[in-house]
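Residue-level structure breakdown
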Amino acid sequence: MTTTQQTPVHPTAAHGIPVLAELLGVSKQFGKGPATVHAVRGLDLQVRPGELLALLGPNGAGKSTAIGMVTGLTAPTSGSARLFGRDPRDVRARRRLGVMLQASGVPDTLRVRELLTQFRGYYPAPLPMAQVVTAAGLDGLEGRMFGELSGGQQRRVLFGIALAGDPDLLVFDEPTTGLDVEARRGLWSTLRGLARSGRGVVLTTHYLEEADALADRVVVIDRGVVIAEGGPDEIKARVPGRRVRARTSVDLAVASRWPGVARASREGPWLELLAASAEPVLRALLDRDPSTTGVTVTEPSLEEAFLALTSTTEATR
Ligand SMILES: Nc1ncnc2c1ncn2[C@@H]1O[C@H](COP(=O)(O)OP(=O)(O)OP(=O)(O)O)[C@@H](O)[C@H]1O
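Residues numbered from 1 in each chain as written. Predicted model: local features only at pLDDT ≥ 70, side-chain atom pairs only at ≥ 80, totals over all residues.

**What to know about the site of the ligand**
Around the ligand, the surrounding shell consists of F30, G31, V37, A39, G57, N59, G60, A61, G62, K63, S64 and T65. Mapped by element, the contributors of at least two residues to the shell around the ligand are strand 4 (37–47) and helix 1 (63–70). No other element matches helix 1, which puts three residues into the shell around the ligand. Each residue belonging to the shell around the ligand can be placed in one class, and the counts come to four nonpolar, seven polar and one charged. (Near = placed C-beta within 6 Å. Helix = DSSP H or I, 4+ residues; strand = E, 2+ residues; numbered from the N terminus. Nonpolar A, V, L, I, M, F, W, Y, C, P; charged D, E, K, R; others polar.)

Okay, structure coming up:
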């Protein structure tokens, strides 16, 4: 952790717990007139030291736009974004921030060592080169040109660049996209270590098991607004659901209209229902088709909770 910083962490109103970054009632619109896109609408978000926060949401939900406002790359249309208590575009705040975005803009012809040296040079107290290389899994790649690396190796370089300044807050937009299983697990462990050392870590991900395995707090965004927030277990509990699967002749369209049924799907003879609770569904199934067999009831995964939270009742055949 950088020890030379003069800037105090911004003390927020909420119980005096320090906040590294926050969005307060932030909205962002792109375009004008009938073509206006409301990417983010009235979003509140806070990131605290030592926490790993995952932003989840379907494509186009507003996750990258939210991250852009936290990191000062995008100005809010209304509301306020603060980074270490300052405007996120203020260089004194940005020096304490490490960012890894989806698009890189890194020159293909620079070698990994040159890139890391260049980025370390932007910061007052950068992380030692050897630590950056090890944490990002770049051992042996230091002499290679960026443009000649594989997609996964390039992601690791970008990760190294985000770490280079030894930042207090790290923001990653889909950091594990394109990484193989081993590299992903390695990155998870690094992210956990960063949070344990007191840094704030924010990431967006499409891998829901990643948020489940990693995050202290999950914020689910849909159409620009927060629709759920809490620990992974709390998010799952927000859908007080059970997945009921059974071999039955009950019609999909009928079952999908039962009260409390959030999703229904059929695969051959198997009907699967995500429902608020299992008992009424089991009763209804057996009433309609006494020969229903093979019933299993399970808790929803984070993925199912996420789908139920971000979609209206949907029946698929
Ligand atoms: N520069 C821009 N100009 C116009 N529209 C934009 C711009 N950036 C984002 N949008 C729109 O804002 C909405 C939110 O986009 P955003 O990239 O924040 O979503 P996301 O949750 O990160 O999606 P994904 O998971 O696909 O990366 C989308 O409808 C997108 O098309």
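Following the structure, the description resumes.
**Some points on the nonpolar core**
In this structure, A54, A66, V70, A162, V171 and V201 are the most contacted members of the largest nonpolar core, which totals 67 residues. When residues of this core are assigned to their parent elements, the largest contribution, six residues, is made by helix 5 (residues 151–163). Core analysis: the next-biggest nonpolar cluster, separate from the first, contains 14 residues, V261, A262, A264 and L274 among them. (Core = buried A, V, L, I, M, F, W, Y, C linked by C-beta atoms within 7 Å. Buried ≥ 20, exposed ≤ 12 C-beta atoms within 10 Å, placed from the backbone.)

**Remarks on the sheet that holds strand 9 (residues 200–204)**
Reading across the sheet, the six strands line up as 7-8-9-5-10-11 and stay open at both edges, with mixed pairing between neighbours. The strands lining the two open edges of the sheet, one partner per strand, are strand 7 (97–100) and strand 11 (225–230). On average, each strand axis in the sheet is tilted by 15 degrees relative to the strand beside it, whichever way the strands run. Inspection of the sheet shows strand 5 (residues 52–56) paired to strand 10 (residues 217–222) by four bridges, in the parallel sense. Looking across to strand 10, one finds that L53 is bridged to R217. Together, strand 5, strand 8 (169–173), strand 9 and strand 10 form the strand contacts of helix 1, whose direction differs from that of strand 8 by roughly 150 degrees. Packed onto the sheet, helix 5 meets strand 7 and strand 8 and runs at close to 165 degrees relative to strand 7. (Pairing = 2+ DSSP bridges. Axes fitted to C-alpha atoms, helices over the stretch in contact; angles between N-to-C directions. Contact = placed C-beta atoms within 7 Å.)

**Points about helix 3 (residues 112–120)**
Within helix 3 the residues assigned to the buried category are V112, L115, L116, F119 and R120. End-on view of helix 3: buried residues confined to an arc of 130 degrees, all on one side of the axis. Looking at the packing, one finds that the buried side of helix 3 touches helix 4 (129–135) and helix 5. (Arc of directions from axis to C-beta.)

**A closer look at the confidence of the model for the protein chain**
In the predicted model, the protein chain carries a mean pLDDT of 86, and the fraction of residues at 70 or more is 88%. Averaged pLDDT values for the elements of the protein chain fall to 36 in strand 16 (residues 314–316) and rise to 96 in strand 6 (residues 78–83). pLDDT under 50 marks residues 1–14. Its contacts with residues more than four places away, or in other chains, come to 30 contacts. What the predictor reports for the complex is a pTM of 0.78 with an ipTM of 0.97. (pLDDT = per-residue confidence, 0-100.)

**A closer look at the pairing of strand 8**
Each regular strand displays side chains that alternate between the two surfaces of the sheet. Strand 8 sits mainly inside the fold: five of its five residues count as buried. Side chains of strand 8 alternate between two faces, with L169, V171 and D173 and L170 and F172 buried alike. Bridging between strand 7 and strand 8 involves four bridges; their strand directions are parallel. Looking at strand 8, one finds that M100 is bridged to F172. Of the strand pairs in this sheet, strand 8 and strand 9 are connected by five bridges, and their pairing is parallel. By the bridge assignment, F172 is partnered in strand 9 with L203. Each parallel crossover has a hand, and the one from strand 8 via helix 6 (residues 181–196) to strand 9 is right-handed. (Right-handed = clockwise from strand over helix to strand, strands pointing away.)

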